[in-house]
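Secondary and tertiary structure notes
Residue-level listing of the chains:
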Amino acid sequence: MSNKKQTDPLKSFIAGGTAGAIEGVVTYPFEFAKTRLQLVDKLSTQSRNPLVLIFNTAKYQGLGSLYVGCPAFVVGNTVKASIRFLGFDSIKALLADKNGKLSGPRGVIAGLGAGLLESVIAVTPFEAIKTALIDDKQTAKPKYQNGLVAGTVKLCRDLGFKGIYAGVVPVSLRQASNQAVRLGSYNAIKTMIQQASGTKPNEPLSSIATFAVGAFAGTITVYTTMPIDTVKTRMQALGADKIYSSTLNCFVKIFKEEGLLTFWKGATPRLGRLFFSGGIVFTIYEKMLVIMG
């Protein structure tokens, strides 16, 4: 008899969306700081300390400024997480052995597929809107800050379909690598703990263990995928099409003009977000599946 148990697709979608929405709201200031630091010009005297950036923004522009672009990010994060876990669980079910176990390489493949799926459907358009709104906020004469809905609608109209999907290549690269590393490492560590404790593959870990494993997976993800994330942000900034001719050109130009370490600019706030993000998302996701039976 097989012990293999598949997660219901609808439950994966709902649990993932709930986890994504909560995580997006809680960790957004880190995302804001990361994006702003990635957009800072090399010659700028602005502080590179993410905590100083967050403090100064709240002090001089108001607390609400830390949440510029947040609604688009949260909606995108909700859809993204829903698609991610639905895709991951579906691919995992196809690749798992008869006992429901997923080997390390197959876990990476499942994560890779989930990342590509979410990047095209959800991440690219919502990340483009979020990045453009944050970039616009720091200009001398912001064009899209006149109301949450009105400003976003005007931005989308000006960018057009081509503009919103301008960063689809680096976003797809980032999301594919993100989820290959994140979901692959999470699944591998979770499996090791289950085997060591004698827990069945379809049984969840404790909340503390789930948070710890998710946070660790998030930490690994940050430093291995940061260069792609930086290029993604630059490609989605306002006027990027006039600076970079392609994703490869962006990589080369940053390396030649700003140096290798520039690719890890914003790593600290991203680490803060993904550390808590990994813990929050996986914990809420697992708990939602338990609640829904």
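What you are looking at is a predicted structure, and each value in this text was computed from that prediction instead of being measured.

Some details on helix 9 (residues 267-291)
For helix 9, with 25 residues, the first-to-last C-alpha span of 35 Å sits near the 36 Å given by 1.5 Å per residue. Downstream of helix 9 by a residue or two, Gly293 has a phi angle that is positive, lying close to 75°.

A few points about a nonpolar patch on the surface
Taken together, the side chains of Tyr223, Phe255, Leu260 and Trp264 make up a nonpolar region of the molecular surface, amounting to roughly 410 Å² of accessible area. Assignment of secondary structure puts Trp264 in the loop between helix 8 (247-258) and helix 9. A relative accessible area of 32% places Trp264 in the partly exposed class.

Quick notes on helix 2 (residues 50-61)
Residues that lie three or four places apart on an α-helix share one face, since the helix turns once every 3.6 residues. Helix length check: helix 2, at 12 residues, gives a terminal C-alpha distance of 16 Å against a target of 16 Å (1.5 Å per residue), a fit within 8%. Within helix 2, burial applies to Pro50, Leu53, Ile54 and Thr57. Summarising the axial view, the buried residues of helix 2 lie within an arc of 95°, below the 170-degree limit, and thus occupy one face. The exposed residues of helix 2 that point more than 90 degrees off its buried face are Leu51, Phe55, Lys59 and Tyr60. Check the buried side of helix 2 and you find it contacts helix 1 (9-39) and helix 9. Backbone nitrogen of Leu51 and a side-chain oxygen of the N-cap are separated by 2.9 Å at the start of helix 2; the cap is Asn49. Following helix 2 by one or two positions, Gly62 adopts a phi angle in the positive range, close to 95°.

Description of the pattern of salt bridges
As enumerated under the stated definition, the model contains 13 salt bridges in all. Note that Glu127 and Arg174 form a salt bridge whose closest N and O atoms lie 3.8 Å from each other. Taken together, the positions of Glu127 in helix 4 (residues 104-137) and Arg174 in helix 6 (residues 168-197) put the pair 47 residues apart, joining distant regions of the chain. Classification of Glu127 as buried rests on a relative accessible area of 5%. Here Asp229 makes a salt bridge to Arg270, at a shortest N to O gap of 3.9 Å. Taken as a pair, Asp229 in helix 7 (residues 207-235) and Arg270 in helix 9 lie far apart in primary sequence, 41 residues in all. Residues participating in the shared-partner salt-bridge network are Glu31, Lys34, Glu127, Lys130, Arg174, Asp229, Lys232 and Arg270.

Some points on the packing of helix 1 against helix 3 (residues 70-95)
Two elements in contact, helix 1 and helix 3, have axes separated by 7 Å at closest approach and are oriented at 145°. Crossing geometry of helix 1 relative to helix 3 is assigned as right-handed. When helix 1 is examined against helix 3, the residues Pro9, Ser12, Phe13, Gly16, Gly17, Gly20, Ala21, Glu23, Gly24, Val25, Tyr28 and Glu31 are found in contact with a partner set consisting of Cys70, Phe73, Val74, Asn77, Thr78, Ala81, Ser82, Ile83, Phe85, Leu86 and Asp89. For the contact of helix 1 with helix 3, the per-class residue count stands at 12 nonpolar, eight polar and three charged.

The rules behind the values
- Residues numbered from 1 in each chain as written.
- Predicted model: local features only at pLDDT ≥ 70, side-chain atom pairs only at ≥ 80, totals over all residues.
- Heavy atoms only, no water.
- Helix = DSSP H or I, 4+ residues; strand = E, 2+ residues; numbered from the N terminus.
- Expected span 1.5 Å × (residues − 1).
- Patch = residues over 30% accessible without salt bridge, like charges linked within 9 Å, V, L, I, M, F, W, Y side chains within 5 Å.
- Areas by Shrake-Rupley, 256 points an atom, 1.4 Å probe, with all protein chains shown as cover.
- Salt bridge = Lys/Arg side-chain N within 4 Å of Asp/Glu carboxyl O.
- Buried < 20%, exposed > 50% of the residue type's maximum accessible area, 1.4 Å probe, protein only.
- Arc of directions from axis to C-beta.
- Contact = heavy atoms within 4.5 Å.
- Polar contact = N/O pair within 3.5 Å; in protein donor to acceptor, adjacent residues only side chain to side chain.
- Axes fitted to C-alpha atoms, helices over the stretch in contact; angles between N-to-C directions.
- Left-handed = near helix turned anticlockwise from the far one by under 90°.
- Nonpolar A, V, L, I, M, F, W, Y, C, P; charged D, E, K, R; others polar.

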